[in-house]
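Structural description and commentary
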Amino acid sequence: MQTQKRLGILTSGGDCPGLNAVIRAVVSHATLTYDWQVYGIPYATQGLLERQMIPLHMHSFDLRGIDPLLSMGGTILGTINKGDTLNCIDQILASYQALDLDALIGIGGDGSIAILNQLALQGNWQFIAIPKTIDNDVALTERAIGFDTAVNTITEALNRLTFTAASHDRVMVVEVMGREAGHLALHSGIAGGADVILIPEIPYSIQKVCRHLAELRDRWHRRFAIILVAEGIHPGEEDGINLFNQKIACGKGQYIADCIASCSSYPVDIRVSVLGHIQRGGIPSALDRLMAAALGKAAVDLIAKGQSSQMAAWQNGTVSAVPIEQVCALSPLVVEPDSDLVQTARSLGIYVGELKNTL
Ligand code: F6P
């Protein structure tokens, strides 16, 4: 008689909207199609180390027939985004054996996927990854879970800020997340109608930002502006301006605001908004839920086919499987400075920096 498979699932790295929808999809498909038992591992490798697991059933969280997991932000399993449990690799491998799991699905960003895959190779685990991150910097997938919702959140924030900026003739500097990748800033800046988008991948000139603002004002009679700043930009290197000539103690948004205030040829009334972890909250968008269902199903099917060290990826609007080794070699994936999207931003008159030799 065939024994029932025991499938583990965990979420690792920073949380984002859509993680619970993936958990829901995995539990549904593994239970309904394969009759496996699914166990949630709390707090990623920390939970593995501590040999903790929670049985997950279809409709475990039902509230009068309503499944909250589909629309709930964050992760019911909890997560960690520091790799210090990796000092205990041998204990984690021993714990995994003790938990008696047949396979593991890990939902994480490129760092978590690399760590989990390393453990899987060492421990001979059957392991499948699903990409998630608002930074969208996991290679070989066009989108990671959480990115679409975060772009929508920032876009909505830009809509709100535009009206208050316009009412007061102000320059609004908005700082967004993304680590060393500018995808989040570029996508939401275009969608939200920013006038300037500064990202880590493209050098910028404060003088040119100021000239752009002056042109908006003098030529187009625009008395307000929205400047989107990715947290990963490298202030002070691009055009020799380093206002404080010291390590930036304030955020990058504040730094850019101070530079503009000191370089502008006319007085500017300037305000800074740091969107922070608001970008990671909220209910998942329809696209993130759709991807959660498709990638969750694909991950379960890959396990059923005996595959391992693969990532369920979103390519050309559908699902495919890619080797994790290749994903890790190409991640983190940053914005190509001459990509179509950068050209699109420029075609809309947005200043997005330029090649170093034209600064
Ligand atoms: O990687 C996701 C992300 O939200 C980044 O954009 C951001 O720099 C970082 O995590 C913030 O991490 P924490 O939640 O530890 O402050």
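Residues numbered from 1 in each chain as written. Predicted model: local features only at pLDDT ≥ 70, side-chain atom pairs only at ≥ 80, totals over all residues. Heavy atoms only, no water.

A look at the overall build of the chain
- For the chain, the helix and strand inventory stands at eleven helices and eleven strands.
- Here the C-alpha radius of gyration of the chain, 23 Å, is about what a compact globule of 359 residues would show, namely 21 Å.
- Principal-axis analysis of the C-alpha atoms gives the chain an extent of 80 × 45 × 35 Å.
- Looking at the chain residue by residue over its 359 residues, the buried ones come to 52%.
- When contacts within the chain are restricted to residue pairs at least 6 apart in sequence, long-range pairs at least 24 apart make up 74% of them.
- For the chain, the exposed area adds up to about 15900 Å²; of that, 51% sits on carbon and sulfur atoms. (Helix = DSSP H or I, 4+ residues; strand = E, 2+ residues; numbered from the N terminus. Rg over C-alpha atoms; globule rule 2.2 N^0.38 Å. Buried < 20%, exposed > 50% of the residue type's maximum accessible area, 1.4 Å probe, protein only. Contact = heavy atoms within 4.5 Å. Areas by Shrake-Rupley, 256 points an atom, 1.4 Å probe, with all protein chains shown as cover.)

Re the sheet that holds strand β6 (residues 171-176)
- The four strands lie next to each other as β7-β8-β6-β9, forming an open sheet whose pairing is parallel. A strand with exactly one partner marks an edge of an open sheet, and here the two such strands are β7 (196-198) and β9 (270-274). Taking the axes of each pair of neighbouring strands and ignoring which way they run, one obtains an average angle of 15° across the sheet.
- Bridge analysis of β6 against strand β8 (residues 225-230) gives six bridges, and the strand direction is parallel. Each residue of the ladder has a partner; that of V171, found in β8, is A225. (Pairing = 2+ DSSP bridges. Axes fitted to C-alpha atoms, helices over the stretch in contact; angles between N-to-C directions.)

Digging into helix α9 (residues 286-304)
- Here α9 contains 19 residues, and its C-alpha end-to-end distance of 27 Å stays within 8% of the 27 Å for a straight helix at 1.5 Å per residue.
- Within α9 the residues assigned to the buried category are D288, M291, A292, L295, G296, A298, A299, V300, D301, L302 and I303.
- In the segment just after α9, G306 is the residue with positive phi, at about 85°. (Expected span 1.5 Å × (residues − 1).)

Some words on the pattern of salt bridges
- Under the counting rule described, the total for this entry stands at 13 salt bridges.
- Residues D301 and K297 are paired through a salt bridge, measuring 2.7 Å at the closest nitrogen-oxygen approach. Here the residue D301 and the residue K297 both occupy positions in helix α9, the gap between them amounting to four residues, near one helical turn.
- Classification of K297 by relative accessible area gives partly exposed; the value is 41%. (Salt bridge = Lys/Arg side-chain N within 4 Å of Asp/Glu carboxyl O.)

A few points about the state of the cysteines
- In this structure the tally under the stated criterion is zero disulfides.
- Among the cysteines around C259, which has no disulfide bond, C263 carries the closest sulfur, lying 6.1 Å off.
- Residue C259 is classed as buried on the basis of its relative accessible area, which comes to 0%.
- The thiol of C263 is not disulfide-bonded; the next cysteine sulfur, from C210, is found 5.2 Å away.
- Exposure remark for C263: the relative accessible area of 30% places this residue in the partly exposed category. (Disulfide = S-S within 2.5 Å.)

Some remarks on the site of the ligand
- Neighbouring the ligand are the residues N81, I134, D135, M177, G178, R179, E231, H277 and R280.
- The contact in question runs from an oxygen atom of the ligand to an N or O atom on the side chain of N81, over 2.9 Å.
- Contact between the ligand and R179: an oxygen atom at 3.1 Å from a side-chain N or O atom of the residue.
- Contact with the protein chains hides 75% of the accessible area of the ligand, taken as 400 Å² for the molecule alone. (Near = heavy atom within 4 Å. Polar contact = N/O pair within 3.5 Å; in protein donor to acceptor, adjacent residues only side chain to side chain.)

Here we look at helix α4 (residues 110-123)
- Over its 14 residues, α4 runs 20 Å from end to end, which matches the ideal 20 Å to within 8%, given 1.5 Å per residue.
- The set of residues buried in α4 consists of S112, I113, L116, N117, L119 and A120. The arc enclosing the buried residues of α4, seen along the axis, measures out at 160°, which places them on a common side.
- Phi turns positive one or two residues past the end of α4, at N124, with a value near 60°. (Arc of directions from axis to C-beta.)

Considerations on the nonpolar core
- Counting 84 residues, the largest nonpolar core has L7, I9, I105, L198, I227, I256 and I260 as the members making the most contacts within it.
- Ignoring anything within four residues of it in the chain, the contact list for L7 reads V26, A30, W36, Q37, V38, Y39, L101, A103, L104, I105, V300 and I303.
- Judged by nonpolar contacts, the second largest core, of 25 residues, contains Y39, A44, Y96 and L104. (Core = buried A, V, L, I, M, F, W, Y, C linked by side-chain atoms within 4.5 Å.)

By themselves, these are just geometric observations and shouldn't be taken as functional.
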